[in-house]
Amino acid sequence: NTMSEKRSEIVRPIIYRECLLKHFPTTVKSEYKPADFIIGFASEDYNPNGVGTGNFHPTWDPASFTPENVKKLKETYPHVRVMISIGGDMGSDSPFNPNEKQAWIVAAVNSLREIIHIFDDDNQKNMIDGIDIHYDEIKSSAHDFSYCIGEVIKSLKSDRHLTIKVVSIAPGEYTQVYYYRLYIENQNYIDLVDYLFTDWGCSMEDLVKLYKKLLADYSHAALLPGYLNPSFLGDKTKEAALYLVTHNLAPGFFTYPANDDSHVEEDASKHI
């Protein structure tokens, strides 16, 4: 039976990640292991000159992203991990542009720790499994970005009162140089790299070439291709990302809400 032969080839854990900007999911497909939900964003406050203070605050809807909802989801689906994304996406006016580095690091660690503790359950156990670094706009040097974010990652991951097991970073075409340096200088602390392909119009051959180059750059992390969901008309990025997964080149994929209205991906599994 060729059908069952074909199926046996692809029964392997596929990492699925979804960035959430509006709604907290209630159902998850069981074939993805693990399934990561990344809550965006913890964004920082800026002084009048647009300089980052390192004081972070949640920008998500507290009525939707409640500790009770996180607890329920994780109890129903043991393979789910919940992460908090730090920074902000393109156009959200949340650049990485710190004031004095040491002061920024101290403020960032303290304010992020408080945000993560919002998701403690009734027994004071924390339910956040990881943090995601997602600055789409970086105004400082690659050295400062790597140093400041690296210190924050190390502090949060080694904090015994938290349960941060997973750190991911989100490079893209324009920020690759910054994230590559962050990765190289902190690779013992970084587990996943989410690379968003946008508006992929080139051939699959070129895509595979680019993906393999990125694999060499981020050699010790799991590198996931991502696409905007829903896709724009004519955008082949989703097909490209799923092509990498079905050809066993990528260990999984992630989706990013295109219209600021996140929802659980319903149809991705049909392609895999």
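As recorded in an unreviewed UniProt entry, the protein chain goes by the name GH18 domain-containing protein, listed as coming from Pisum sativum.

Within the element layout of this structure, isoleucine 153 appears in helix H4 (residues 142–157). Judged by its relative accessible area of 0%, isoleucine 153 is buried. For the pair formed by isoleucine 153 and cysteine 202, sequence separation is 49 residues and the distance between their alpha carbons is 35 Å. Every residue in contact with isoleucine 153, bar those within four places of it in the chain, is listed here: Ile131, Ile133, Val167, Leu182, Tyr189 and Ile190.

This paragraph deals with the pairing of strand E8 (residues 222–229). Across the eight residues of E8, seven count as buried, placing the element largely inside the fold. Across five bridges, the pairing between strand E7 (residues 192–196) and E8 is parallel. Bridge pairing links tyrosine 195 to proline 225 in E8. A crossover links E7 with its parallel partner E8, the connecting element being helix H6 (residues 204–217), and its sense is right-handed. For E8 and strand E9 (residues 252–257), the ladder comprises four bridges, and the chain directions are parallel.

With respect to the helices, strands and loops of the structure, aspartate 194 is situated in strand E7. Aspartate 194 sits in the buried class, given a relative accessible area of 3%. Among the polar contacts made by the side chain of aspartate 194, one reaches the side chain of arginine 17 at a distance of 2.6 Å.

Looking now at the packing of aromatic side chains. Throughout the structure, instances matching the rule amount to 16 aromatic pairs. Aromatic pair phenylalanine 96 and phenylalanine 145: ring centres 5.1 Å apart, planes at 80 degrees, arrangement edge-to-face. Here the residue phenylalanine 96 occupies a position in the loop between strand E4 (80–88) and helix H3 (101–117), and phenylalanine 145 occupies one in helix H4, the gap between them amounting to 49 residues. Of the residues examined, phenylalanine 96 reaches a relative accessible area of 0% and is grouped as buried. Given the relative accessible area of 0%, phenylalanine 145 is considered buried.

Conventions we followed
Residues numbered from 1 in each chain as written. Predicted model: local features only at pLDDT ≥ 70, side-chain atom pairs only at ≥ 80, totals over all residues. Heavy atoms only, no water. Helix = DSSP H or I, 4+ residues; strand = E, 2+ residues; numbered from the N terminus. Buried < 20%, exposed > 50% of the residue type's maximum accessible area, 1.4 Å probe, protein only. Contact = heavy atoms within 4.5 Å. Pairing = 2+ DSSP bridges. Right-handed = clockwise from strand over helix to strand, strands pointing away. Polar contact = N/O pair within 3.5 Å; in protein donor to acceptor, adjacent residues only side chain to side chain. Phe/Tyr/Trp six-rings, centres within 6.5 Å; stacked < 30°, edge-to-face > 60°.

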